Amino acid sequence: MTADDSPIRTAYQVLADEATARKEAFDQSPLPKIHIGMATCGIASGALETQAAFETALAERGVEAHVHTVGCVGHCYAEPVVVIDHPDSGFPPILYPEVTPGKAKMLVKLFLEEGDPRFEHIMGATVENEMIPSVTEFARFNREKRVIMDRCGRIDPEQIHEYLADGGYHALVEALCQPPEALIDTIEAAGLRGRGGAGFPTGRKWRFARAATGTDKLIVCNADEGDPGAYMDRTLLESNPHQVIEGMLVAAIAVGATGGLFYVRAEYPLAVRILTQAIEQARECGVLGKNILGSGMDFDIDLFQGSGAFVCGEETALIHSVEGYRGMPRHRPPFPVERGLDGRPTVINNVKTLATVPPIVEKGADWFRGIGTADSPGTAVFSVVGNVTHPGLVEIPMGVTLRELIFDICGGIPNKKKFKAVQIGGPSGGCLSADFLDTPVDFDALTRAGAMMGSGGMVVMDEDACMVDVSRFFLDFTQKESCGKCTFCRIGTRHLLDILRRITRGEGREGDIEQLESLSRAVKAGSLCGLGKTAPNPVLTSLAYFRDEYEAHIKEGRCPGRACRPLTAFYIDLEKCARGCDACVGCCPVDAVFTTSNRKKGIDQSLCVKCGECMVACPPDYDAVVKISPAHLAPVIERPPEKKD
């Protein structure tokens, strides 16, 4: 540290004071404030149209209000999400879910003009009060512990002053004012483990890089998020990019790096745009670039757009990609911290790992150790998707059980279905049965159960899921994403996929299960990188916990989940079918539904494509369409001969 750090603190205080003044002017404005979540999930749900509807209605009705865009709040099931703060109404700030353009116009007229908040459309107040129940009364809100996502949905990610006014970049000041070794000691004492999947201790990685020879060291933020259904990193970059930049700055101080690089996949255009803008704003404010905050430290960040190859999430493949080569992993050692990008010592950390660093520097290692478990301190961010009532991003303390996460926080399984499995850790993770619902979420417990933390993807499945088909789906992904370098991965995964495809078509053979097991073990043992070593995990875990489903496919031609089309059929229960009801007739795309001689309905199995539209169309009062497996059990209903003119 510097002998006199007062110039650094003074430079920062000037920035913070200016930002605070702007924020206070906004907060103290008597005008209503309309906060709209504008990350990719919100935009996909119509948030841009909602914003336009608010602005149009305000102009048409002559109502003055601030329209304030923010990042994602994590409640994807409720998008577009809007919070309206209307002080003159006497009500607290109110969170509204699923705000369509029509609802936006209604709220301008009835709430902003007339003071009626329309209670039937409210999810809850965002602060405690005596008028409206608070959203914090719901488990989806009060069971979370937000460390990384604390500012997501509260600040405008495109305005650096909002981050500064909320205490942003103060961890940078603290990092600049202490010895680099002390920073590494703090991160090691906190027990921070990489959030990209492997869980390697971050402080140890930094210490290796600090000790590496060479002065031209690099910090790379790995934002090559490629897991199907996972979007935690994208959301963080879209909602709070400066916290990740600040984490990179702290890492740079700790290891003595002079350059940084964001590796972001090009399929994230909004994240790329916001991140590019954030880097430029950070330079303009003097927290990035030359002579940061007058400290004499130089550190700048570039952005590289990856082409979307899943394997580039692996460190050495990422480095090859940036160097202009095909993204393929290489043998280690040397590790990237010794010789990485362009031969320079390179620290590669995940987005969530870097976003966790500033709070640790600010609040200390003991604070962080107070969250989570002894071996996995802190929080984990999951994108919970699939058959769950309240999907979205959830940040929970490590150690929360799968049961608490899926049922208490995310609302459980919808439509009165039963839980069947949860797939954790992305396409290379494992599928766990209901027997593992009390497993705590942390690096080691999930690994012992046969799954892994991964980057945070979580797919919940109900009783209708077919575990053989689920394995086929994930293996199809990893097989296509194999870079082809290792024979076992390139060809072994192909053979695994071919066997799974045969089984789901009803063409399974005796010995297929044993071959799947032996081939999976060979692929794991013979592959170089994590993709190949973990690609068979869905197969092995589903064989371990759902072996009866494989046996039913092979020996009985039956799909217990009734998901594999070649093994299923639809028929109409004539005892339940109502005469004269044509609901299923009109929806059938191939005219497979016909009218019987007594005016009920039947399905011509030779024409049926098993789309299930007839089951959806059948009125609940009748519930006459039945899905069955094996397909040959469907009763044959003769189509009456066509009448001749």
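Rules and cut-offs
- Residues numbered from 1 in each chain as written.
- Predicted model: local features only at pLDDT ≥ 70, side-chain atom pairs only at ≥ 80, totals over all residues.
- Heavy atoms only, no water.
- Helix = DSSP H or I, 4+ residues; strand = E, 2+ residues; numbered from the N terminus.
- Expected span 1.5 Å × (residues − 1).
- Buried < 20%, exposed > 50% of the residue type's maximum accessible area, 1.4 Å probe, protein only.
- Arc of directions from axis to C-beta.
- Contact = heavy atoms within 4.5 Å.
- Salt bridge = Lys/Arg side-chain N within 4 Å of Asp/Glu carboxyl O.
- Axes fitted to C-alpha atoms, helices over the stretch in contact; angles between N-to-C directions.
- Parallel < 35°, antiparallel > 145°, perpendicular 65-115°, else oblique.
- Left-handed = near helix turned anticlockwise from the far one by under 90°.
- Nonpolar A, V, L, I, M, F, W, Y, C, P; charged D, E, K, R; others polar.
- Domains from an automatic or database assignment.
- Buried area = accessible area lost by both parts, 1.4 Å probe.

**Quick notes on helix α3 (residues 47-61)**
Then comes step 1: The first and last C-alpha atoms of α3 sit 21 Å apart over 15 residues, in line with the 21 Å expected at 1.5 Å per residue.
Then comes step 2: Turning to α3, its buried residues number three or more, namely A47, T50, Q51, A53, F54, A57 and L58. The buried residues of α3 occupy an angular sector of 160° when projected down its axis, which confines them to one face. Turned more than 90 degrees away from the buried face of α3, the exposed residues are A59 and E60.
Then comes step 3: Check the buried side of α3 and you find it contacts β1 (33-37), α2 (40-44), β2 (66-70), β3 (82-85) and α4 (101-113).
Then comes step 4: Residue G62 follows α3 closely and has a positive phi angle near 70°.

**Points about the pattern of salt bridges**
Then comes step 1: In total, this model carries 41 salt bridges according to the counting rule given.
Then comes step 2: Here R154 makes a salt bridge to D150, at a shortest N to O gap of 3.3 Å.
Then comes step 3: Taking the relative accessible area as the measure of exposure, D150 reaches 36% and is therefore partly exposed.
Then comes step 4: When salt bridges with common partners are traced through the structure, they connect D150, R151, R154 and D166 into a single cluster.

**Digging into the packing of helix α20 (residues 512-526) against helix α22 (residues 537-545)**
Then comes step 1: Packing of α20 against α22 brings their axes to within 9 Å, and their N-to-C directions diverge by 140°. Classed by the angle they form, the pair α20 and α22 counts as oblique. The handedness of the crossing between α20 and α22 comes out as left-handed. Mapping the contact onto sequence places I513, L516, E517, S520 and K524 in α20 and N537, V539, L540 and L543 in α22.
Then comes step 2: Among the residues making up the contact of α20 with α22, the classes are represented as 5 nonpolar, 2 polar and 2 charged.

**A look at the domain arrangement of the chain**
Then comes step 1: Per the domain assignment, the segments of the chain are domain 1 (31-137), domain 2 (160-368), domain 3 (373-556) and domain 4 (568-633).
Then comes step 2: Each of domain 1 and domain 2 has a C-alpha centre, and the two are 35 Å apart.
Then comes step 3: The interface of domain 1 with domain 2 comprises 9 residues on the first partner and 7 residues on the second.
Then comes step 4: A buried area of about 540 Å², summed over both sides, lies between domain 1 and domain 2, and 54% of it is on carbon and sulfur atoms.

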